[in-house]
Amino acid sequence: MKFRTRAIHAGNAPDPQTGAVVPPIHVASTYVQPGAGQWGQFDYARSGNPTRQAVETTLASLESGCGALAFASGMAAIHCVTMLLQHSDHILAGTDIYGGTYRLFHKITPRAGIDITLADSTRLEAFTTGLTPRTRLVWIENPGNPRLTISDIRACAELAHQHGALLGVDNTFASPVLTRPLELGADIVMHSATKYLGGHSDLLGGALVVRDPELLARLYFVQNATGGVLGPFDSFLLSRGLKTLDLRVRAQSATAWQLAQWLANDPRIDRVLYPGLPSHPGHALAQRQMDGAFGAMLSFELRGSFDQARRVAQSTQLFQLAVSLGAVESLIEQPASMSHASYDPSDRQRHGISDGLIRLSVGLEDVADLQHDLDQALDALDAG
Ligand code: PLP
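Novice: Looking at this structure, how should I read the nonpolar core?
Specialist: One broad rule of soluble globular proteins: the nonpolar side chains tend to lie buried together. Grouped together as the largest cluster of nonpolar side chains are 61 residues, with contacts concentrated most on L263, L298, F300 and L360. Grouped together as the second largest cluster of nonpolar side chains are 32 residues, I78, C80, M190 and L357 included.

Here it is, written out as structure tokens:
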């Protein structure tokens, strides 16, 4: 079955008892057992819940995996992956990663004796130099956050495997509509389901999808032992969001593409970072790796400073000033003071996250209204 069909039907069989076309939300925290020491399909909600299981089935199908695990947040999902590692292991991660992931890798995982190197995953030679004999996990975000960098997933998978490491890909920005990393050789796909998968800014969730049942079992063991599971109500919301994922991502991407072209021709803008523009260094790779569109995230650099970028970000009316992304309403933010504030300032500078950078999450509003909104906000620059 095709993607859109699976988004609606995989994991969503009618309720056998009532015929309801939307499966019920199962709220029970515990389940009656057939006998002492005997276990039914479900026993306790941390270990398994039918509503969560249903959405995990949909996620596995959409990401071409053998199974999925749904978490209470994207960070809980990434944390679960790091708990596969042991003392003295090493993580190699791309430079363009979410600020919260940066913080986890620098402030939490080192407590367990696991160290981290950041290197540019868009240039394989540079990325290779970050490997050590102890590297067990290679972690990339694609497109990267916030510069929309594009990494060659197949090449990164080969690199990781040659060195006995797993490749994990944070696929939050692309969503499985546009990129399916497991099909390109990645071992683990991760999502902040809070973003496109949920799609309506009304749930916090995370997901891991894998193609190896043995790896799934290891991750499930950690998830069950540590407890960061997605609750039944959020599992329902996520399931509902997934049904329109393809429509939303494609429509939002079309709008982002139009805005990127318009901004690229605006003299008030220094540089637009959008993989759909031929000027983007990752454009050719994105054309091969992404499925018919380039996503709905775009960043641009102003000719001005930190204060000017802040002024523009604070001057939009439709684009709301907020972190997060991927929902029907458009958002604007300044990475240096918001999503990437937890970066060490020197790392921010080294990795090209400039003070004048602004990131947009393009929603489902009419493109003309969004363009008008950005236009009047950029006028705030002139006024200053
Ligand atoms: N990965 C990316 C690319 C993100 O943008 C975020 C959150 O903004 C996360 C991971 C973390 O997800 P969550 O906020 O759901 O914990």
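Having put the structure on the table, let's press on.
Novice: How should unusual backbone geometry be read in this particular structure?
Specialist: Both trends apply: most residues other than glycine have a negative phi, and most peptide bonds are in trans. Here the residue pair N142 and P143 is connected by a cis peptide bond, since its omega of -15° sits within 30 degrees of zero. Inspection of the secondary structure assignment puts P143 in the loop between β4 (135-141) and α6 (153-162). Geometrically, the link from N145 to P146 is a cis peptide bond, its omega value of 15° lying close to zero. Along the chain, P146 turns up in the loop between β4 and α6.

Novice: I would appreciate a short explanation of the site of the ligand in the present structure.
Specialist: Around the ligand, the structure places 16 residues, and the nearest of them are M75, D170, S192, T194 and K195. At 2.9 Å from an oxygen atom of the ligand is found a main-chain nitrogen or oxygen belonging to G74. A distance of 2.8 Å separates an oxygen atom of the ligand from a polar atom in the side chain of S192. Elements represented by at least two residues in the shell around the ligand include exactly α3 (74-82) and β6 (188-192). Across the shell around the ligand, the residue classes tally to 6 nonpolar, 7 polar and 3 charged.

Novice: Quick question: what am I supposed to make of the packing of aromatic side chains here?
Specialist: What describes a pair of aromatic rings is the distance from one ring centre to the other and the angle between the planes of the rings. Within the structure shown, the criterion is met by 3 aromatic pairs. Ring centres of Y102 and Y343 lie 4.0 Å apart, and the angle between their planes is 15°; on these two criteria the pair is classed as stacked. One end of the pair, Y102, is in helix α4 (residues 99-108); the other, Y343, is in the loop between β11 (331-333) and α13 (345-350), with 241 residues separating them in the sequence. Assessed through its relative accessible area of 2%, Y343 is described here as buried. When the ring of F105 is compared with that of W139, the centres are 6.3 Å apart and the planes differ by 90°; the resulting orientation is edge-to-face. Here the residue F105 occupies a position in helix α4, and W139 occupies one in strand β4, the gap between them amounting to 34 residues. Of the two residues examined, F105 and W139, each falls in the buried class.

Rules and cut-offs
- Residues numbered from 1 in each chain as written.
- Predicted model: local features only at pLDDT ≥ 70, side-chain atom pairs only at ≥ 80, totals over all residues.
- Heavy atoms only, no water.
- Core = buried A, V, L, I, M, F, W, Y, C linked by side-chain atoms within 4.5 Å.
- Buried < 20%, exposed > 50% of the residue type's maximum accessible area, 1.4 Å probe, protein only.
- Helix = DSSP H or I, 4+ residues; strand = E, 2+ residues; numbered from the N terminus.
- Near = heavy atom within 4 Å.
- Polar contact = N/O pair within 3.5 Å; in protein donor to acceptor, adjacent residues only side chain to side chain.
- Nonpolar A, V, L, I, M, F, W, Y, C, P; charged D, E, K, R; others polar.
- Phe/Tyr/Trp six-rings, centres within 6.5 Å; stacked < 30°, edge-to-face > 60°.

Interpretation in functional terms is not warranted from these geometric data alone.
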